[in-house]
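# Descriptive structure summary
Chain by chain, the residues run as shown.
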Amino acid sequence: MLNLFNKIHQLLSEISLCESCLGRQFAQLLTGTTNRKRGEALLISLGLELHFDIINLNKTLPDYESLLHLPFPIIKQSYEKIALVAEVQSLSDNPLENKPAKKLDILPESKICYICQGLFEKSRLNELADLVCSHAKHYEFFTFLVGSKIPSSMIEREENIRTKYNLTFGESIKSDLNREIGKLIYLQPAFNEKDLDFNIPDIVFIVNMVDNLIDIQNNPIFIYGKYNKLQRGIPQTVWYCNECWGKGCDKCDYSGRKHPDAVEEYILPEIIQACKAKEGKFHGSGREDVDALMLGEGRPFVAQIQEPKIRTLDLKQLEEEINNKSNERVKITLIEMTNREKVRNIKIKSPSMRKHYRMGVILPSPQKIDFSLLNKLVGSIKQQTPKRVLHRRADLTRTREVFKMTGNQVDDKRIEVEIICSGGLYVKELIHGDDGRTKPSLSQVLGDISLIVEYLDVLKVEDLKK
Ligand SMILES: [Zn+2]
Ligand SMILES: [Zn+2]
């Protein structure tokens, strides 16, 4: 006990601290109270001790002059009285020595806190909480968190004091401020139905004391859906011109791109608008070739919308609007609101993924195909990285499975085949063989004839695990 008071005595005789900053140095002592209350309690205890000593020691002056700046007028008055008595005493003891009257040399009565310089004053905290609330009005959110940015000079002042006085029970000024402002705004009507969330809050209000403003970290929302591509020649995401990368040049007729539209362009802008957001990202579960259709139940995707001001969406209505505006090029279903983890999940190329394809194939000369030969392709396929993707993929040999393959004759120069295979098999190469890099191939089992893939449709993408 004595130790603690000695410490506080020494501390407060040299610097001025507000109750919060004083209490924060002992934040790890006791629970169920606040730093401000800790500080108030310490200050009052110290005041009681001072007053007690001054009364009891009476004529002998205790060495408390340096503490007279504390907010206890009675102590100052008592002290001055004793000082005066002592002065008179010494004069009458030795009348010839004309000593000047004793002046109290105390710290200025400025109550500005050395560490926070007023930041933790109740009025200032209320001001900041009000400021947070005035920002909060512009956003729809259900969970929130309060953060802060503290000037490094403030943190340094606190660290210096902790080192100098060996204070080892404190907490950071940052978590103190976050908690105090958090408590204040939690009581505001605007936050009635909102929950604190320390993991993934919808929104984080950052009390930025460096620039004196409130920073908003408005976390994205995620919408899970599936898309069908009903016409050929549409990439999944915007494909910029290889020459100018979007700037516009002769080669792309100054459009800056290689294809006029993209699947994501039918989906994202509508959702962004509904969320009153500015931008979004499209995450597809794999992608089909630009010239392939995506049929059946569709390909899973997640739309990630950055900084949404609206988080409650009518997915059915939004889906309808998107489908109405897509000129029959793309059709989507919006399934549910989801989270960031879903983006990872749909991106994982899991071995349990199965794909169903349909392909049109052109024969080198009119002939009747014996479709029983297709059974020779069922089983393991050894596939060396296709030549057409070698520029962006490592040259490796992978083994993939064909589970089922059927076909029918369209006319004497064309056939259509359907394949069920594991994810990651390059099916165009399964048809033409890629100069022997895919083995076996349809070209090979039909007697080394050269085949051309006329079209490719994805009929189904399924994850057997789900
Ligand atoms: Zn302070
Ligand atoms: Zn260009």
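Residues numbered from 1 in each chain as written. Chains lettered and ligands numbered in written order. Predicted model: local features only at pLDDT ≥ 70, side-chain atom pairs only at ≥ 80, totals over all residues. Heavy atoms only, no water.

## Description of the packing of aromatic side chains
Inclusion rule: Side-chain rings of Phe, Tyr and Trp (the six-membered ring for Trp) are treated as a pair once their centres are within 6.5 Å; stacked means planes under 30 degrees apart, edge-to-face means over 60, and tilted covers the remaining angles. Helix and strand definitions here come from DSSP, where helices need a minimum of 4 consecutive H or I residues and strands a minimum of 2 consecutive E residues; each element is numbered from the N-terminal end. Only protein chains enter the calculation, and the probe is 1.4 Å; a residue is then buried if its accessible area is under 20% of its type maximum, exposed if over 50%, and partly exposed in between. In this scheme, the term charge over a ring applies when either NZ of a lysine or CZ of an arginine sits within 6 Å of the ring centre and within 35 degrees of the ring normal.
The tally for this structure, following the rule as stated, stands at 9 aromatic pairs. Look at Phe 141 and Phe 191: their rings are 5.7 Å apart centre to centre, the planes differ by 55 degrees, and that puts the pair in the tilted class. Linking Phe 141 in the loop between helix H5 (122–136) and strand E1 (143–149) with Phe 191 in the loop between helix H7 (173–186) and strand E2 (195–196), this pair joins segments that are 50 residues apart in sequence. Across this residue pair, the class does not change: Phe 141 and Phe 191 are buried. Between Phe 144 and Phe 191, the aromatic rings sit 4.8 Å apart at their centres with planes inclined by 70 degrees, giving edge-to-face as the arrangement. Residue Phe 144 is located in strand E1, and its partner Phe 191 is located in the loop between H7 and E2; the two are separated by 47 residues in the primary sequence. When its relative accessible area of 1% is taken as the criterion, Phe 191 is described as buried. The structure contains a cluster of three or more aromatic residues connected by ring pairs, namely Phe 141, Phe 144, Tyr 186, Phe 191 and Phe 205. One residue, Arg 24, lies across the ring of Phe 120, its end atom 5.0 Å from the ring centre. We note Arg 354 situated over the ring of Phe 403; from NZ or CZ to the ring centre the distance is 3.9 Å.

## Side note on the coordination of the zinc ion (ligand 1)
Spelled out, the test is: Listed donor atoms are N, O and S within 2.8 Å of the metal (Na, K and Ca: 3.2 Å). As water is not included, a site may look incomplete. The rule is simple: four donors are tetrahedral if all their angles sit between 85 and 135 degrees, four are square planar and six octahedral if opposite donors span more than 155 degrees and the others lie between 65 and 115, and anything that fits none of that is irregular.
Bound to the zinc ion (ligand 1) are the protein donor atoms Cys 18 (SG), Cys 21 (SG), Cys 113 (SG) and Cys 116 (SG), situated 2.2 to 2.3 Å from the metal. For the zinc ion (ligand 1), the 4 donor atoms in the first shell make angles of 103 to 113 degrees at the metal, so the coordination geometry reads as tetrahedral. Expressed as a motif, the donor residue spacing for the zinc ion (ligand 1) is C-x2-C-x91-C-x2-C. Highlighted residues: Cys 18 in the loop between helix H1 (2–14) and helix H2 (19–24) and Cys 116 in the loop between helix H4 (73–93) and H5, separated in sequence by 98 residues. Here Cys 116 falls in the buried class, since its relative accessible area comes to 3%.

## Section: the packing of helix H8 (residues 263–274) against helix H9 (residues 315–324)
For clarity, the threshold we go by: Fitting a line to C-alpha atoms yields each axis, with helices limited to the stretch in contact; the angle taken between N-to-C directions then spans 0 to 180 degrees. Angle categories are assigned with fixed cut-offs, so that under 35 degrees is roughly parallel, over 145 is roughly antiparallel, 65 to 115 is roughly perpendicular, and the rest are oblique. Helix crossings are classified by the rotation of the near helix relative to the far one: an anticlockwise turn of less than a right angle makes the crossing left-handed, while a clockwise turn makes it right-handed. For this analysis, residues touch if any pair of their heavy atoms sits within 4.5 Å. Residue polarity follows a fixed list, in which Ala, Val, Leu, Ile, Met, Phe, Trp, Tyr, Cys and Pro are nonpolar, Asp, Glu, Lys and Arg are charged, and the others, Gly among them, are polar.
In contact at an axis separation of 10 Å, H8 and H9 are set at 135 degrees when each is read in the N-to-C sense. What the angle tells us is that H8 and H9 run oblique. Every pair of crossing elements has a handedness; the one defined by H8 and H9 is right-handed. Contact residues: H8 offers Tyr 266, Ile 267, Glu 270, Ile 271 and Ala 274, while H9 offers Leu 318, Glu 321 and Ile 322. The residue makeup of the contact of H8 with H9, split by class, is 6 nonpolar, no polar and 2 charged.

## Focus on the coordination of the zinc ion (ligand 2)
Summarising the metal site, the zinc ion (ligand 2) is bound by the protein donors Cys 241 (SG), Cys 244 (SG), Cys 249 (SG) and Cys 252 (SG), whose distances to it range over 2.3 Å. Bound by 4 donor atoms, the zinc ion (ligand 2) shows angles of 104 to 114 degrees at the metal and therefore tetrahedral coordination geometry. For Cys 241, a relative accessible area of 4% translates into the label buried.

## Regarding the nonpolar core
Note the threshold: Working definition of a nonpolar core: buried Ala, Val, Leu, Ile, Met, Phe, Trp, Tyr and Cys residues. They are joined through side-chain atoms within 4.5 Å. Reported domain spans reflect what an automatic or database domain assignment gives.
Counting 53 residues, the largest nonpolar core has Ile 267, Ile 271, Met 405, Ile 431 and Leu 442 as the members making the most contacts within it. Among the elements that take part in this core, H8 stands out by supplying 6 residues, more than any other. For this core, the two domains that each supply at least three residues are domain 3 (221–347) and domain 4 (353–463). Not counting residues up to four positions away in its chain, the partners in contact with Met 405 are Leu 374, Leu 377, Val 378, Val 417, Glu 418, Ile 419, Leu 430, Ile 431 and Leu 442. Judged by nonpolar contacts, the second largest core, of 51 residues, contains Leu 17, Phe 26, Leu 43 and Leu 70.

## Here we look at helix H6 (residues 152–164)
The line we're drawing: An expected span of 1.5 Å times one less than the residue number is assigned to each helix. Note that the arc is defined by the directions from the helix axis to the C-beta atoms.
In this model, H6 (13 residues) spans 18 Å end to end at C-alpha, consistent with the 18 Å of a helix rising 1.5 Å per residue. Considered for burial, the residues of H6 that qualify are Met 154, Arg 157, Glu 158, Ile 161 and Arg 162. Seen from one end, H6 has its buried residues packed into an arc of 135 degrees, which puts them on one side. Seen from the open side of H6, the exposed residues pointing more than 90 degrees away from its buried face are Ser 152, Thr 163 and Lys 164. Asn 166 sits one or two positions beyond H6 and adopts a positive phi of about 50 degrees.

## What about the domain arrangement of the chain?
For the chain, the domain assignment lists domain 1 (2–93), domain 2 (122–218), domain 3 (221–347) and domain 4 (353–463). One C-alpha centre belongs to domain 1, the other to domain 4, and the line joining them spans 89 Å.

## A closer look at the confidence of the model for the chain
Operational definition: The pLDDT value expresses, per residue, how confident the predictor is, ranging between 0 and 100.
On average, the chain scores 89 in pLDDT, and the residues at 70 or more come to 93%. Across residues 99–108 the pLDDT falls below 50, and counting only partners more than four positions away or on other chains, this stretch makes 22 contacts in the model.

## Things to note about the sheet that holds E1
For clarity, the cut-off: Strands are treated as partners if at least two bridges between them are detected by DSSP.
Spatially, E2-E1-E3-E4 is the arrangement adopted by the 4 strands of the open sheet, whose pairing is mixed. With partners counted over all chains shown, the strands left at the sheet margins are E2 and strand E4 (213–218), one partner each. Pairing between E1 and E2: 2 bridges, direction parallel. By the bridge assignment, Phe 144 is partnered in E2 with Leu 196. Across the sheet, H7 is in contact with E1, E2 and strand E3 (203–208); its angle to E1 comes to roughly 140 degrees.

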